[in-house]
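Inside the fold
Read off the chains here:
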Amino acid sequence: MKTDLQTRHGGKILADALVAQGVKMAFGVPGESYLALLDGLLDVRDKLSFVVCRQEGGASYMAEAYGKLTGEPGVLLVTRGPGAANGAIGMHTGFQDSTPMVMFIGQVGNDMVEREAFQEIDYRRMYGQMAKWVAQIDRVERIPEYVSHAFHTAMAGRPGPVVLALPEDMLFSEAAVADVERHHVVRPAPASSQMEQLKKLLEKAAKPFVIVGGGGWDREACLKLQRWVETARLPASTSFRCQDLFDNRSASYAGDVGIGLNPKLAQRVREADVLLVIGARLGEMTTSAYTLLEVPQPRQTLIHVHAGAEELGRVYRPALAINSGYPQFVDVLSEISFHGEKWKEETGKAREDYLEWIEPRPMPGKLHYGEVIRWLSKNLPQDAIIAGGAGNFAGWLHRHFSYRGFRTQLGPTNGSMGYGYPAGVAAKLAAPNRTVIAICGDGDFLMNGQELATAVQYGANFVALVINNGLYGTIRMHQEREYPGRVFGTDLRNPDFAAYARAFGAHGEVVEETAAFAPAFERASKSGKPAIIELRIDPDAITPATTLSAVREKALRSRR
Ligand SMILES: Cc1ncc(C[n+]2csc(CCOP(=O)(O)OP(=O)(O)O)c2C)c(N)n1
Ligand SMILES: [Mg+2]
């Protein structure tokens, strides 16, 4: 760290500030608005690698996935106006996912600001709702202060994205200023009186149920919580797309409370007398559109533990609200012990319901995608990272894959398409020794398929599956349900995905029947390149549980 107060230009001060904050990898697309920063990054390239992407949307998802995977802020560098506009999707995802991120945006110089100069946008207004804090650094000597503030804010309480705009003249100018040391992670701990109350509420519970979710966990806290839950013989579940926070093999694990929810699990949540919710915001996706708990006063006795004070009582009025970081909470929770004899029977039933639910059902066509997911679940290494996007194809993944460790799942809880592929690239670059798989829809993949070039350029050798049904299937399903037979705007004419892969210098395969998957996966894994496997599934197989024709028939019948 520099403390000798040499004169540096703003780009160098910023690059050094990032290194001082512990940043090892950043993602972005260059722009003429932040040339000085590129110049600064050149000098620190041994400590901080800059992954240059093909579109800021892909880069922002990569920064988000990096933040989610490592727990450290994902750093994103984009140019003004157009770069800032493209980069918004990962910031929206990071906000809804509570992922720490810091985005730097080039900005027109202060000498011409407010004239609507070339590509000028006021980022405070643009990003106001998508970030925890948006600021512009107008004085070069204050760069270390702003960066320190940004990293503290991204990590504090409920983690999330922060935006810093960089006026061009400020970045070019020089100052002699010291770096600031690495940020602290500031999160509260529960009061002992709250833990007493928690103990009393749980002691009285006949049908307690635990939901774990959100961002801001670490491996140790997850393991400790799991041991506590298992000793207490409580049933536990995870919130939407947070399935890797609790080992799915545990006898206490009852499944995820997300979309495509097991009706028996939904009933269990509804009928619980005490709900211990740790980290989950209890958003629309986790509450089946706010129906599992009544708004604002749930029938269940709600113990809500959240790192963001503003989330407590936001939708649901809890019986006990505990504002705490999760490692801090789990540490004191571990001191309360329950034997749980009275709960073990229900926990056993919940587990049986889950095991029955994850077995694949028959589906039309020669390629049984559910069996493919079960095969991956059984054959991938325990710490393999599964990056998934948004679309009905993800339903099979949620239902049939068993997550076995912390941060083995990367998924967008904001249901944002195009996430899986770039998230896979970031995961492979951040954790090169782990197996990474991306699972994409045909619509979903092509939202960021250009990042295959980034994977090839940086040697991010991982296998991506493209589940090709020739449809924006999710929307077709809703269309058939709401306006049966009136199909419009949901068909896709796709490229040959294997040939697409080969054109980028990657490995490509097409699989059309179940038995062909394992050998194709083997070839792809051993190709020594990024690989794409196109899985052609029957478009009628619209969810793990039903067909498109059945959805249409049901909708037509109800209208007759
Ligand atoms: C960025 C973005 N655009 C649009 C949507 C709306 N949307 C949700 S799912 C979906 C279709 C997904 O298609 P595909 O990836 O092919 O998956 P499928 O549902 O066919 O399995 C669309 C358009 C979205 N969630 N995100
Ligand atoms: Mg599709």
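These notes cover the structure that comes with them. (Residues numbered from 1 in each chain as written. Chains lettered and ligands numbered in written order. Predicted model: local features only at pLDDT ≥ 70, side-chain atom pairs only at ≥ 80, totals over all residues. Heavy atoms only, no water.)

1. Quick look at the coordination of the magnesium ion (ligand 2)
Protein coordination of the magnesium ion (ligand 2) is provided by Asp442 (OD), Asn469 (OD1) and Leu471 (O), with donor distances spanning 2.0 to 2.2 Å. Counting along the primary sequence, the residues that act as donors to the magnesium ion (ligand 2) give the motif D-x26-N-x1-L. Of the two residues, aspartate 442 is situated in helix H17 (residues 442-445) and asparagine 469 in the loop between strand S18 (463-468) and helix H19 (473-482); the sequence distance between them amounts to 27 residues. Each member of the pair, aspartate 442 together with asparagine 469, is buried. (Donors = N, O, S within 2.8 Å, 3.2 Å for Na, K, Ca; no water. Helix = DSSP H or I, 4+ residues; strand = E, 2+ residues; numbered from the N terminus. Buried < 20%, exposed > 50% of the residue type's maximum accessible area, 1.4 Å probe, protein only.)

2. Focus on the environment of leucine 320
With respect to the helices, strands and loops of the structure, leucine 320 is situated in strand S14 (residues 320-323). According to the relative accessible area criterion, leucine 320 is buried, its value standing at 4%. The spacing of leucine 320 and glutamate 345 is 25 residues in sequence and 26 Å in space, taken between C-alpha atoms. Setting aside residues up to four positions removed in sequence, leucine 320 forms contacts with Gln194, Gln197, Leu198, Leu201, Leu302, Ile303 and His304. (Contact = heavy atoms within 4.5 Å.)

3. Regarding the sheet that holds strand S11 (residues 253-257)
Pairing in this open sheet of six strands is parallel, and the strands run S11-S10-S9-S12-S13-S14 from one edge to the other. Two strands lie at the open edges of the sheet, namely S11 and S14, each paired on one side alone. Strand-to-strand twist in this sheet, taken as the mean axis angle between neighbours without regard to direction, amounts to 20°. Across the face of the sheet, helix H9 (residues 192-203) comes into contact with strand S9 (208-212), strand S12 (274-278), strand S13 (301-306) and S14 while running at roughly 140° to S14. (Pairing = 2+ DSSP bridges. Axes fitted to C-alpha atoms, helices over the stretch in contact; angles between N-to-C directions.)

4. Observations concerning the site of ligand 1
Near ligand 1, the surroundings consist of 17 residues, among which Gly415, Asp442, Asp444, Gly473 and Thr474 are the closest. Within the side chain of asparagine 469, a nitrogen or oxygen atom sits 3.0 Å from an oxygen atom of ligand 1. Side-chain polar atom of threonine 474 to an oxygen atom of ligand 1: 2.7 Å apart, as the coordinates give it. Protein coverage of the free-state accessible area of ligand 1, which is 590 Å², stands at 78%. Mapped by element, the contributors of at least two residues to the shell around ligand 1 are H17 and H19. (Near = heavy atom within 4 Å. Polar contact = N/O pair within 3.5 Å; in protein donor to acceptor, adjacent residues only side chain to side chain. Areas by Shrake-Rupley, 256 points an atom, 1.4 Å probe, with all protein chains shown as cover.)

5. Observations concerning the sheet that holds strand S19 (residues 507-511)
The strands that make up a sheet pair up through hydrogen bonds in the backbone, lying either parallel or antiparallel. If you walk across this open sheet you meet the six strands as S16-S15-S17-S18-S20-S19, and the pairing is parallel. In the strand order of this sheet, the two ends are held by strand S16 (409-410) and S19, each with one partner. The pairing of S18 with strand S20 (residues 531-536) spans six bridges and is classified as parallel. Looking at the pairing, valine 466 lines up with glutamate 534 of S20.

6. Some points on a positive patch on the surface
On the surface, Arg481, Lys554, Arg557 and Arg560 cluster together into a positively charged patch. Positionally, arginine 481 belongs in helix H19. (Patch = residues over 30% accessible without salt bridge, like charges linked within 9 Å, V, L, I, M, F, W, Y side chains within 5 Å. Salt bridge = Lys/Arg side-chain N within 4 Å of Asp/Glu carboxyl O. Lys, Arg positive; Asp, Glu negative; His and termini not counted. Charge placed at Lys NZ, Arg CZ, Asp CG, Glu CD.)

7. Digging into the pattern of salt bridges
Going through the model one piece at a time under the given rule, you end up with 34 salt bridges. Of the charged contacts, one joins lysine 68 and glutamate 64 as a salt bridge, the two residues approaching to 3.4 Å between their closest N and O atoms. With lysine 68 and glutamate 64 both in helix H3 (residues 56-70) and four residues apart, this pair spans about one turn of that helix. Residue arginine 80 pairs with glutamate 168 through a salt bridge whose shortest N-O separation is 3.1 Å. Of the two residues, arginine 80 sits in the loop between strand S4 (74-78) and helix H4 (81-86) while glutamate 168 sits in helix H8 (residues 168-172), which places them 88 residues apart along the sequence. Arginine 80 sits in the buried class, given a relative accessible area of 7%. Through salt bridges with shared partners, a single ionic network connects Lys264, Arg268, Glu345, Glu346, Lys349, Asp353 and Glu356.

These figures come from the coordinates and say nothing about function on their own.
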